[in-house]
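# Examination of the molecular architecture
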Amino acid sequence: MMIAVTALREKIRKKIFIAVTVISALLTLLLSTGSTTLTIGGEPLTGYNIMMPVVMTVMHAVSCIMAMVISLGTIPAEYERRTHHLILTRGVSQARYHGELTLANVGASLISHGIFMAGAAVYMVSQGHGRELPMMLPAYMISGLGAAVVSTLSTALSAVMGRLPAGLIAGTVTLAGIFAPLLELAKSMAGGLAGKLLGVMLFLLPDLNSMQSAAAKLLTGKGSGLHPVFTGMFYIYLFAMFVMIYKRKADKE
Amino acid sequence: MKLINMMVSGITGIALLTGSIATAANGISDEDMACCKKALSMQSDADDIGFEGFRLADCDVVFNDGRHDYVVHTDGSSEKRSPVISTFAATAYENDGSFEVIVPTKASMGTLAVMMGGEWDEAHQVSTIWHEAFHCFQLTNFRGNIEGLTNGHTFSKEDFSEKLINDEYAKNEKAKQLFTKQLEILDKARREEDIDNIREDMLKYKQLDTERRELISGDAEILEDYYTIVEGTAFYVEMMMTEAQSEENFVKEYDSRLTVFAEGSSKYYSLGGAQCLLLDRLDSEWEAGYDFSVPMSELIYEKLGV
């Protein structure tokens, strides 16, 4: 676990969490004060049960993007700095090395997600729903799966290809996951070959929206299913296994 | 040790995959079921409208999420099946000799509504179920009359669409203006206290109607009557069921829409719906015995003697 802890400490030193905190604070301010009013069809969105899912959606989406930013560079940076030589020559397998780096990425992404959820908790309290604060913990754990999925995916891609293509693919998958309901709708409306292609895409890609939606339902007392939890964990497992199984060429130098 | 690690990893993967499959939605969602139950609980409101024999409980209600149909049968049981229609639509669909209500899931409608800058709550979904249920009622009990509405047309089956209407009005600004004026007169008439004022309004309406119909083709006229009767009455039911849920929603959703010229067949929803509302002012029991063979405007003229 030393590699994971060291990698996590390095991320904390890079002060990325200060940026995350600033973004979270700004979003909280934006969503909870009267200075900005969200509207749909000219009608202002008001009321806790309407606004809380909106807050969760925004926080979760930004958290997933931050998880990608946090995770994309970790493995490439290790190889660029040739840190991998120091580790691998000490008898640590590449699978364990990559596995621990993935763990560090997930840990950092979950800390970042926690900061965003803290923003959502501030919103919750500011709206007079402080007594529901304990529900924030399971909601954090469920919605955190989305950030963890993006983190492991980004790590896996960055182990295989350069930062740019990995970032483009991870970004596309993340956006598709966040906007999964829109793709579902497009699939229903498109029909034909386009509909089938979208159907395959939706089947393969992680539905990040379902994870935040399950968390938001918990917070608004609507109950939540286990499906997003199992699915999120399965994707994390798949991507993490890939990172550990994949043999990066530099290892053979 | 390596073998044990591999086995633990494999078992973990299989367990997670099994959990994911086992917990996937196998039935209708809670929110759609709630909408269905709410709609069914409003039968007495539908009875108050006055169409004899119109019962939601006579139709299966199907929620389509794009991947599957979730069917709530008339006996209360439910099942999941492959979609019977491939398009995203709320409709009445004939399946095994009976008509069923098909509506997209509330979640799908909500996504679409947000994309279009609107919103979609339970009341919208419930009213839509009643709208489609009314089509089931029309087609089950008055199919011959409904099909007879398009007798005499020269358009092909493929042209039986909004395109014909859109083309007619796209090239005819005058007809568009007259249509809008007619909608405004209907809206004014249904708010009048004095029957003489209503009669005066409808005389003007009738003149404008004759004038406008001369500007459009015979086929467009046939389509217009078809849509005004079939969709207008269903839209009226939708409005009434919305009002039964919330008067505020009725005003918010429909008041402005009833006076606006819309593209495609939507304009006839408003026209027919407004005619039904005016008929209500003239005779609260006009729906009893109505068989969808004559335009509502004819009933209005008859009741006013214009």
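Residues numbered from 1 in each chain as written. Chains lettered and ligands numbered in written order. Predicted model: local features only at pLDDT ≥ 70, side-chain atom pairs only at ≥ 80, totals over all residues.

Summing up its helical and strand segments, chain B has 13 helices and five strands in all. Taken along the three principal axes of its C-alpha coordinates, chain B extends 95 × 40 × 40 Å. Counting only residues that meet the buried cut, chain B has 35% of its 306 residues in that class. Once local pairs closer than 6 in sequence are excluded, the contacts in chain B between residues at least 24 apart make up 69%. (Helix = DSSP H or I, 4+ residues; strand = E, 2+ residues; numbered from the N terminus. Buried ≥ 20, exposed ≤ 12 C-beta atoms within 10 Å, placed from the backbone. Contact = placed C-beta atoms within 7 Å.)

Our next topic: helix α8 (residues 173-191) of chain B. Residue and element names in this part refer to chain B. Given a rise of 1.5 Å per residue, 19 residues ought to cover 27 Å, and the 28 Å separating the end C-alpha atoms of α8 matches this to within 8%. Those residues of α8 not exposed but buried are Leu178, Phe179, Gln182, Leu183, Ile185, Leu186 and Ala189. Mapping the buried residues of α8 onto a view down its axis gives an arc of 165°, with all of them on the same face. On its buried side, α8 packs onto α9 (195-215) and α12 (266-282). (Expected span 1.5 Å × (residues − 1). Arc of directions from axis to C-beta.)

Here we come to the packing of helix α9 (residues 180-190) of chain A against helix α10 (residues 192-204) of chain A. Residue and element names in this part refer to chain A. For the pair α9 and α10, interaxial distance at closest approach is 7 Å and the crossing angle is 150°. Judged by the inter-axis angle, α9 sits roughly antiparallel to α10. The interaxial crossing formed by α9 with α10 has left-handed handedness. Residue-level contacts link Ala180, Leu183, Glu184, Ala186, Lys187 and Ala190 of α9 to Gly192, Ala194, Gly195, Leu198, Gly199, Met201 and Leu202 of α10. Residue composition of the contact of α9 with α10, grouped by class: eight nonpolar, three polar and two charged. (Axes fitted to C-alpha atoms, helices over the stretch in contact; angles between N-to-C directions. Parallel < 35°, antiparallel > 145°, perpendicular 65-115°, else oblique. Left-handed = near helix turned anticlockwise from the far one by under 90°. Nonpolar A, V, L, I, M, F, W, Y, C, P; charged D, E, K, R; others polar.)

All names here are of chain B. Across the two faces of strand β1 (residues 61-64) the burial is the same, with Val61 and Phe63 and Val62 and Asn64 all buried. Adjacent in sequence and paired antiparallel, β1 and strand β2 (residues 69-72) are bridged by four residues, among which Gly66 carries a positive phi angle near 95°. Of the strand pairs in this sheet, β1 and strand β5 (residues 98-104) are connected by four bridges, and their pairing is parallel. Residue pairing for β5: Val62 is matched across the bridge by Ile102. (Pairing = 2+ DSSP bridges.)

Attention shifts here to the domain arrangement of chain B. Where interface size is quoted, it is often the accessible area lost as the parts come together. Residues and elements named next belong to chain B. According to the domain assignment, chain B consists of domain 1 (30-141) and domain 2 (155-304). Listed per partner, the contact involves 16 residues of domain 1 and 17 residues of domain 2. Listed by contribution, the elements that provide at least two residues to the side of domain 1 that touches domain 2 are α3 (43-49) and α5 (122-141). The element contributing the most residues to the side of domain 1 that touches domain 2 is α5, with nine residues. Here the residues of the side of domain 1 that touches domain 2 are counted per class, giving eight nonpolar, six polar and two charged. (Domains from an automatic or database assignment.)

So, about the confidence of the model for chain B. The pLDDT averaged across chain B works out to 90; a share of 97% of its residues lies at or above 70. Prediction confidence for the complex, expressed as pTM and ipTM, is 0.75 and 0.79 respectively. (pLDDT = per-residue confidence, 0-100.)

Moving on, we get to the interface of chain A and chain B. On the side of chain B, 23 residues touch chain A, which itself brings 19 residues to the contact. Of all the secondary-structure elements, those providing two or more residues to the side of chain A that touches chain B are α9 and α12 (227-245) of chain A. Of the residues in the side of chain A that touches chain B, the class split is 11 nonpolar, six polar and two charged.

Residue and element names in this part refer to chain A. Relative orientation of the contacting elements helix α2 (residues 16-32) and helix α3 (residues 48-72) amounts to 165°, with a least axis distance of 11 Å. One way to sum up the angle between α2 and α3 is to call them roughly antiparallel. For the element pair α2 and α3, the recorded crossing hand is right-handed. For the pair α2 and α3, contact is made by Ile16, Val20, Ile23, Leu27 and Leu31 and by Val55, Val58, Met59, Val62, Met66 and Ile70, respectively. Among the residues forming the contact of α2 with α3, the class breakdown is 11 nonpolar, no polar and no charged.

Residue and element names in this part refer to chain B. Taking strand neighbours across the sheet as the criterion, the five strands line up as β3-β2-β1-β5-β4 in an open arrangement whose pairing is mixed. What marks the edges here is a single partner per strand, and that holds for β3 (78-81) and β4 (91-95). Sheet twist, expressed as the average angle between the axes of neighbouring strands with direction ignored, equals 30°.

A word on the pairing of β4(B). Residue and element names in this part refer to chain B. For β4 and β5, the ladder comprises five bridges, and the chain directions are antiparallel. Bridged to Ala92 within β5 is Val101. Counted along the chain from β4 to the antiparallel partner β5, the turn is two residues long, and its residue Asp96 has a positive phi close to 55°.

On to helix α1 (residues 2-13) of chain A, then. Residues and elements named next belong to chain A. Between its first and last C-alpha, α1 extends 16 Å over 12 residues, near the 16 Å set by a 1.5 Å rise per residue. When we look at burial in α1, the residues that qualify are Ala7, Leu8 and Lys11. Down the axis of α1, the smallest arc covering the buried residues is 100°, so these residues share one side. Residues Met2, Arg9 and Arg13 are exposed on α1 and point more than 90 degrees away from its buried face. Lining the buried residues of α1 we find α2, α3, α4 (74-80) and α6 (94-126). Positive backbone phi, approximately 65°, marks Lys15, located one or two places after α1.

So, on to unusual backbone geometry. Residue and element names in this part refer to chain A. With phi around 65°, Lys15 is a residue other than glycine that occupies positive phi space. Tracing the sequence through the fold places Lys15 in the loop between α1 and α2. In this structure Lys15 comes out as exposed when scored by C-beta crowding, with 10 C-beta atoms within 10 Å. Although it is not a glycine, Arg82 adopts a positive phi angle of roughly 60°. Position of Arg82 among the secondary structure elements: in the loop between α4 and α5 (83-88).

On the secondary structure map, B:His68 appears in the loop between β1 and β2. For the pair B:His68 and B:Thr210, spaced 142 residues apart in sequence, the C-alpha to C-alpha distance is 47 Å.

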